[in-house]
Amino acid sequence: DQQVKQNSPSLSVQEGRISILNCDYTNSMFDYFLWYKKYPAEGPTFLISISSIKDKNEDGRFTVFLNKSAKHLSLHIVPSQPGDSAVYFCAASPFTYSGAGSYQLTFGKGTKLSVIP
Amino acid sequence: DAGITQSPRHKVTETGTPVTLRCHQTENHRYMYWYRQDPGHGLRLIHYSYGVKDTDKGEVSDGYSVSRSKTEDFLLTLESATSSQTSVYFCAIRYTGASTDTQYFGPGTRLTVL
């Protein structure tokens, strides 16, 4: 049973346009969400996170939106650049006795973003 | 990069042989994790540690064991490697800062079991 779903295996976007990557989750206990970017032959790198008490978080060109009622989050990249071409993973963490955070992450399968110059 | 190194970076071994992968961190982080990444599966948690000698199983722990005798080292052992354990293995640490709580990953170990 896949608890974090990234239903688009790949996405192509023109340079300068907006990239929107989507993620759905099924576990109501998830309350902290993260996005990672991964280049080939490297480890994933953290991009941005959001707690369930918020519905939006911004960091430069990256914005994450959270819709708790729909159990859906999305990552917007504006404007997209060729260097953004990578695999993007959505991850979620449940509330634990130790509080929210990245204590134990469940990852989606990833979306490969290609930004075309 | 949170001072995480993994060794070896690449390994080819044969079915039935024992294999140990090492994760080393230099910043005294309490939580450490082992994941595997396979096509079509994303990243899956194998085992994690919340302190010296404190470990627990993740989603795909069968066939793997771990040990943490020092804060800085987290070892992943395949007692008898199988071809299904061919994968890329990532170690991670949990970093909790003033405004963030995330996991930082090492560079990975590519393991091939023939």
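Please read all numbers here as calculations on a predicted model, not as lab measurements. (Residues numbered from 1 in each chain as written. Chains lettered and ligands numbered in written order. Predicted model: local features only at pLDDT ≥ 70, side-chain atom pairs only at ≥ 80, totals over all residues. Heavy atoms only, no water.)

### Here we look at the overall build of chain B
Inference 1: Secondary structure assignment for chain B yields zero helices and 11 strands.
Inference 2: Secondary structure elements of chain B occur, N-terminal to C-terminal, as β-β-β-β-β-β-β-β-β-β-β.
Inference 3: Its C-alpha radius of gyration of 13 Å places chain B within 12% of the 13 Å reference for a compact globule of 114 residues.
Inference 4: Within chain B, buried positions represent 51% of all 114 residues.
Inference 5: Put simply, of all contacts in chain B between residues at least 6 apart along the chain, 53% involve residues at least 24 apart.
Inference 6: Summing over all exposed atoms, chain B offers an accessible surface of approximately 5300 Å²; the carbon and sulfur share of this is 48%. (Helix = DSSP H or I, 4+ residues; strand = E, 2+ residues; numbered from the N terminus. Rg over C-alpha atoms; globule rule 2.2 N^0.38 Å. Buried < 20%, exposed > 50% of the residue type's maximum accessible area, 1.4 Å probe, protein only. Contact = heavy atoms within 4.5 Å. Areas by Shrake-Rupley, 256 points an atom, 1.4 Å probe, with all protein chains shown as cover.)

### Let's talk about the overall build of chain A
Inference 1: What chain A contains, in helices and strands, is zero helices and 11 strands.
Inference 2: Secondary structure elements of chain A occur, N-terminal to C-terminal, as β-β-β-β-β-β-β-β-β-β-β.
Inference 3: Its C-alpha atoms give chain A a radius of gyration of 14 Å, near enough to 13 Å, the size a compact globule of 117 residues would have.
Inference 4: In terms of principal-axis extent, the alpha carbons of chain A reach across some 45 × 30 × 20 Å.
Inference 5: Within chain A, the fraction of its 117 residues that count as buried is 45%.

### Thoughts on the sheet that holds strand 6 (residues 56-59) of chain A
All names here are of chain A.
Inference 1: Spatial strand order, 1-3-8-7-6: five strands in an open sheet with antiparallel pairing. What marks the edges here is a single partner per strand, and that holds for strand 1 (4-5) and strand 6.
Inference 2: With two bridges connecting them, strand 1 and strand 3 (residues 19-25) associate as antiparallel partners. Opposite Val4, over in strand 3, you have Tyr25 as the bridge partner. (Pairing = 2+ DSSP bridges.)

### Remarks on the state of the cysteines
Each disulfide consists of one covalent bond between the sulfur atoms belonging to two cysteines.
Inference 1: One pass over the structure, following the stated rule, counts two disulfides over all chains.
Inference 2: Across the disulfide, Cys23(A) is cross-linked to Cys90(A) (sulfur-sulfur distance 2.1 Å). Handedness of the Cys23(A)-Cys90(A) disulfide follows from its S-S torsion of about -75 degrees: it is left-handed. With Cys23(A) in strand 3 and Cys90(A) in strand 9 (residues 86-94), the pair connects residues that are 67 residues apart, well separated along the chain.
Inference 3: According to the relative accessible area criterion, Cys90(A) is buried, its value standing at 0%.
Inference 4: Each sulfur in the disulfide pair Cys23(B) and Cys91(B) lies 1.8 Å from the other. (Disulfide = S-S within 2.5 Å.)

### Re the pairing of strand 6 of chain A
Inference 1: As judged from the four bridges shared by strand 6 of chain A and strand 7 (residues 62-67) of chain A, these two strands associate in the antiparallel manner. The residue bridging Asp59(A) from the neighbouring strand is Phe62(A), located in strand 7 of chain A.

### A look at the sheet that holds strand 1 (residues 4-7) of chain B
Residues and elements named next belong to chain B.
Inference 1: The sheet built from four strands is open, its strands ordered 1-3-8-7 with antiparallel pairing. Two strands close off the open sheet at either side, each with one partner strand: strand 1 and strand 7 (64-70). Taken over all neighbouring pairs, the strand axes of this sheet differ in orientation by 20 degrees on average, direction set aside.
Inference 2: Where strand 1 lies against strand 3 (residues 19-25), four bridges are found, and the strand directions are antiparallel. Directly across from Ser7, in strand 3, lies its bridge partner Arg22. (Axes fitted to C-alpha atoms, helices over the stretch in contact; angles between N-to-C directions.)

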